[in-house]
Amino acid sequence: MVVKMEPTISRRVRPKTVAQIAAEWDTLASDRLRQIDTGIDSTYNNVLAPAMIDVCTTSTASRVLDVGCGVGRLTRELARYYDNVVGIDPSRISIETAQAHNSAKNIRYVHASVEELSLGSPGKFGLVVANMSLMATPSLETALASIARLLTIGGQLTLSVPHPCFWPLHRGFANQPWFDYKCEMFIESAFSLSSETLKTASTYIHRPLARYIQVLSQNGFILLSLEELSLPLRESTSTVGTIDQPKFLLATAKLPGSGERKNALSGELASSIS
Ligand SMILES: C[S@@+](CC[C@H](N)C(=O)[O-])C[C@H]1O[C@@H](n2cnc3c(N)ncnc32)[C@H](O)[C@@H]1O
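Everything numeric here is computed off the predicted structure, so don't read it as measured data.

Caption draft 1: Structural context of the overall build of the protein. For the protein, the count of helices and strands is 9 helices and 11 strands. Counting only residues that meet the buried cut, the protein has 39% of its 274 residues in that class. Considering only contacts within the protein whose residues lie at least 6 apart along the sequence, 73% involve residues at least 24 apart.

Caption draft 2: Representation of the environment of S118. Here S118 lies in helix α5 (residues 114-120). Owing to 22 C-beta atoms within 10 Å, S118 belongs among the buried residues under this scheme. For the pair S118 and A145, spaced 27 residues apart in sequence, the C-alpha to C-alpha distance is 8.9 Å. In contact with S118, not counting residues within four places along its chain, are S146, R149 and L150.

Caption draft 3: The sheet that holds strand β7 (residues 151-162), seen in detail. Strand order across the open sheet formed by 7 strands is β5-β4-β3-β6-β7-β11-β10, with mixed pairing between neighbours. Edge strands, defined here as strands with exactly one partner in the open sheet, are β5 (107-111) and β10 (222-229). Sheet twist, expressed as the mean angle between neighbouring strand axes with direction ignored, is 15°. Relative to strand β11 (residues 248-254), β7 runs antiparallel, the two sharing 7 bridges.

Caption draft 4: Region of the structure containing the site of the ligand. Taken together, 24 residues lie near the ligand, and G68, G70, S113, S133 and T137 sit nearest. Those elements that provide at least two residues to the shell around the ligand are α1 (18-38), α3 (73-78), β4 (84-89) and α5. Tallying contributions element by element places α1 first for the shell around the ligand, with 4 residues. Along the lines of polarity and charge, the residues of the shell around the ligand split into 13 nonpolar, 8 polar and 3 charged.

Caption draft 5: Highlighting the pairing of strand β3 (residues 63-67). The buried fraction of β3 amounts to 4 of the 5 residues, a majority that puts the element mostly inside the structure. Judged from the 5 bridges that link them, β3 and β4 form a sheet pairing that is parallel. Note that in β4 the partner of D66 across the bridge is G87. As a crossover connection, the stretch from β3 through α3 into β4 is right-handed. Across 3 bridges, β3 lies against strand β6 (residues 125-131) in parallel orientation. Looking at β6, one finds that D66 is bridged to V129.

Caption draft 6: Region of interest: the nonpolar core. Core analysis: the largest hydrophobic core is formed by 62 residues, its most contacted members being V64, V128, V129 and I147. A per-element tally of this core places helix α6 (residues 140-150) first, with 6 residues.

Caption draft 7: Up close: α1. The terminal C-alpha atoms of α1 lie 29 Å apart, and with 21 residues this matches the ideal 30 Å at 1.5 Å per residue to within 8%. Of the residues making up α1, those classed as buried are I21, A22, W25, L28, A29, D31, R32 and Q35. Of the surrounding secondary structure, the elements contacted by the buried residues of α1 are α4 (92-101), β8 (185-192) and β9 (197-206). Immediately beyond the C-terminal end of α1, within one or two residues, lies G39, with a positive phi of roughly 85°.

Reading guide: rules and limits
- Residues numbered from 1 in each chain as written.
- Predicted model: local features only at pLDDT ≥ 70, side-chain atom pairs only at ≥ 80, totals over all residues.
- Helix = DSSP H or I, 4+ residues; strand = E, 2+ residues; numbered from the N terminus.
- Buried ≥ 20, exposed ≤ 12 C-beta atoms within 10 Å, placed from the backbone.
- Contact = placed C-beta atoms within 7 Å.
- Pairing = 2+ DSSP bridges.
- Axes fitted to C-alpha atoms, helices over the stretch in contact; angles between N-to-C directions.
- Near = placed C-beta within 6 Å.
- Nonpolar A, V, L, I, M, F, W, Y, C, P; charged D, E, K, R; others polar.
- Right-handed = clockwise from strand over helix to strand, strands pointing away.
- Core = buried A, V, L, I, M, F, W, Y, C linked by C-beta atoms within 7 Å.
- Expected span 1.5 Å × (residues − 1).

Structure representation (structure tokens):
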């Protein structure tokens, strides 16, 4: 059921499991397909997906993994550039929807979390893409450790998340008494776009920016680039005076290649965060 332009109310909730998060995306799957395919989610179609494809396609990998692929629209785009693409998601209905609506022969969809997949396919993928999925997964540590296991030596990770510094302002919970930027916390709200708010809840896991960088580093990743994406003015639902803050963060990181330093973070990281 769709409700037009209701203000979104967010609340802090107890930590959830991957299965609980997946159940939310089960409920949202058909709406997500509709929003993307009809163009209602113009942010996804015109801002996020093109930016992700631009960044991802710098990789020359032949095997690509889309972690938290949802209904598989970005997976389908990736399959235009790469020989072999696997989309995984713990939401069974999202995976079934993806399978039913994407016929490309070089895509395989698997119902699994990244943690589950990493038990069976170590070192298989030259590129892992995580579009808006790491802020939806309960443990950043196990997710990034699993991604590191799944990547080949020198493999690339390209990720996007809502910008941790500005999303709280954009979604109107920055000034709530329960919100503390420095803490990881699970925040539930009705899934909403600028043009519609659904009745169904989804959970956003807030983590400070430094946390993403620390956990990438702990898992041996070298940060190659950080991009802060703003929305066209008409797309913004910001609740604060200025609406020109970046809404999404895109990062590309890689594992060291053979012969490169294992812990190459300091110099390269410092020069890439400017
Ligand atoms: C916001 S949706 C993003 C969907 C998709 N990437 C897109 O661009 O439309 C977040 C997805 O991450 C998935 N997810 C959450 N935890 C995960 C995990 N541990 N492993 C893989 N996917 C996960 C959820 O089930 C959900 O489908």
